[in-house]
Amino acid sequence: ENPAFKRILNSVLADIQGGAGFGEALEKYPKVFGDVYVNMVKAGESAGILDEILKRLATQQEKNATIRKKVKSAMAYPIVLVVITIGAFFGLMLFVIPQIGTIIKDLGGPDAKLPLLTEIMLGISDVILSYWYIIFPLLGGAVYGALWYIGTPNGKNQWHHLLLKIPPINGIIKKVSVARFARTYSSLIGAGVSVIEAINVTARAIGNEVYVEALDKAATDVKNGEQLSAIIETYPNLFPSILSQMLSVGEDPGQTDTVLIKVADFYEEEVDVAIDGI
């Protein structure tokens, strides 16, 4: 029903009819089909288990969409409250406080001694009334500048570091990241993707630059012969100890994908509880 998506699928269909592989055709649209999607499809094609891989992908997409919806719904209420609070503040400063100040001065006379807090409120109101044409553009520019900076690589990195230090947001971000790591990595490993490639793709799928840095280093260490479970254990601030323990359990019998699904399910439930708390 989506015209843009229909055009993309028609193009994918044309590429496949022209002899391209399914994964190769999807790879042309990275904004629609991400690295995880493309890599799993390619692995499924090469192993001849595309139907099983697409079932895994469907489950993963549904889980990710559910978490995103819950986070957005949890954040909607505080955002609305903040917007209303800011609107109420400026409404009071521009319309209500000046009226009250006039009434107080009329009642007390020009030499009346007002309480310090009242003087401060009247002073703020006077400044906003006198210089609103400077204050509002400055505020708008500051917000635009902050959003622009967060969109830059350096700003995004600093913003993600900051988010991981703010309670209780940091707890939810860590749980979402761990759940996403466990489910994505297990899906890629289960599809037959190499460990190095799975780590690299998973790093980008988590959506947090702090985790990208940690997993990029982990991929290098794994390439040098270290076990992923031992590397994960060196990041206690990002990954809980249960993740490295479960990875260690799964690495020996080659059941990493099965074990990590359990971890993903557990942390997705933890995310639900944390969001309900907020």
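Residues numbered from 1 in each chain as written. Predicted model: local features only at pLDDT ≥ 70, side-chain atom pairs only at ≥ 80, totals over all residues. Heavy atoms only, no water.

Participant: Explain the overall build of the chain here, please?
Facilitator: When its secondary structure is counted, the chain shows twelve helices and zero strands. Its C-alpha atoms give the chain a radius of gyration of 26 Å, more than 25% over the compact-globule value 19 Å for 278 residues. Seen along its three principal axes, the alpha-carbon backbone of the chain occupies a region of about 90 × 45 × 30 Å. Counting every position in the chain, which comprises 278 residues, the buried fraction comes to 32%. The long-range share in the chain, meaning contacts at least 24 apart out of those at least 6 apart in sequence, stands at 56%. (Helix = DSSP H or I, 4+ residues; strand = E, 2+ residues; numbered from the N terminus. Rg over C-alpha atoms; globule rule 2.2 N^0.38 Å. Buried < 20%, exposed > 50% of the residue type's maximum accessible area, 1.4 Å probe, protein only. Contact = heavy atoms within 4.5 Å.)

Participant: Can you walk me through the pattern of salt bridges in this structure?
Facilitator: Opposite charge on two side chains permits pairing when their charged atoms draw close. Per the counting criterion, the structure on display carries eleven salt bridges. When the shortest N-O distance is used, the salt bridge between D15 and K28 registers 3.1 Å. Residue D15 is found in helix 1 (residues 3-17), and its partner K28 is found in the loop between helix 2 (22-26) and helix 3 (35-47); the two are separated by 13 residues along the sequence. For K28, a relative accessible area of 53% corresponds to the exposed category. (Salt bridge = Lys/Arg side-chain N within 4 Å of Asp/Glu carboxyl O.)

Participant: Before we go on, may I ask you to explain a nonpolar patch on the surface in this structure?
Facilitator: Residues V127, Y131, W132, Y133, I134, F136, L138 and L139 make up a contiguous nonpolar surface patch of about 800 Å² in total accessible area. Relative to the elements of secondary structure, I134 occurs in helix 5 (residues 116-151). (Patch = residues over 30% accessible without salt bridge, like charges linked within 9 Å, V, L, I, M, F, W, Y side chains within 5 Å. Areas by Shrake-Rupley, 256 points an atom, 1.4 Å probe, with all protein chains shown as cover.)

Participant: Honestly, the packing of helix 3 against helix 4 (residues 50-108) in this entry has me stumped. Any pointers?
Facilitator: What describes two packed helices is the angle between their axes and the distance between those same axes. Interaxial distance between helix 3 and helix 4 falls to 8 Å at its minimum, and their mutual angle equals 160 degrees. Taken together, the axes of helix 3 and helix 4 are roughly antiparallel relative to one another. In terms of crossing hand, the pair formed by helix 3 and helix 4 is right-handed. Taking contact as the criterion, the partners of V36, Y37, M40, V41, G44 and E45 in helix 3 are, on helix 4, L50, I53, L54, R56, L57, Q60 and Q61. Residues that form the contact of helix 3 with helix 4 fall into these classes: eight nonpolar, three polar and two charged. (Axes fitted to C-alpha atoms, helices over the stretch in contact; angles between N-to-C directions. Parallel < 35°, antiparallel > 145°, perpendicular 65-115°, else oblique. Left-handed = near helix turned anticlockwise from the far one by under 90°. Nonpolar A, V, L, I, M, F, W, Y, C, P; charged D, E, K, R; others polar.)

Participant: So what exactly am I meant to see when it comes to helix 1 here?
Facilitator: Because the α-helix completes a turn every 3.6 residues, residues three or four places apart line up on one side. The end-to-end C-alpha separation of helix 1 is 21 Å, in line with the 21 Å expected for 15 residues at 1.5 Å each. Among all positions in helix 1, only I8, V12 and D15 are buried. Each buried residue of helix 1 lies within a common arc of 60 degrees when the element is viewed along its axis, so the set occupies one face. In helix 1, the exposed positions that point more than 90 degrees away from the buried face belong to P3, K6, R7 and Q17. Where helix 1 is buried, its residues contact helix 2. Where helix 1 starts, the residue carrying a side-chain oxygen 3.0 Å from the main-chain nitrogen of A4 turns out to be N2. Downstream of helix 1 by one or two residues, G19 has phi in the positive range, about 110 degrees. (Expected span 1.5 Å × (residues − 1). Arc of directions from axis to C-beta. Polar contact = N/O pair within 3.5 Å; in protein donor to acceptor, adjacent residues only side chain to side chain.)

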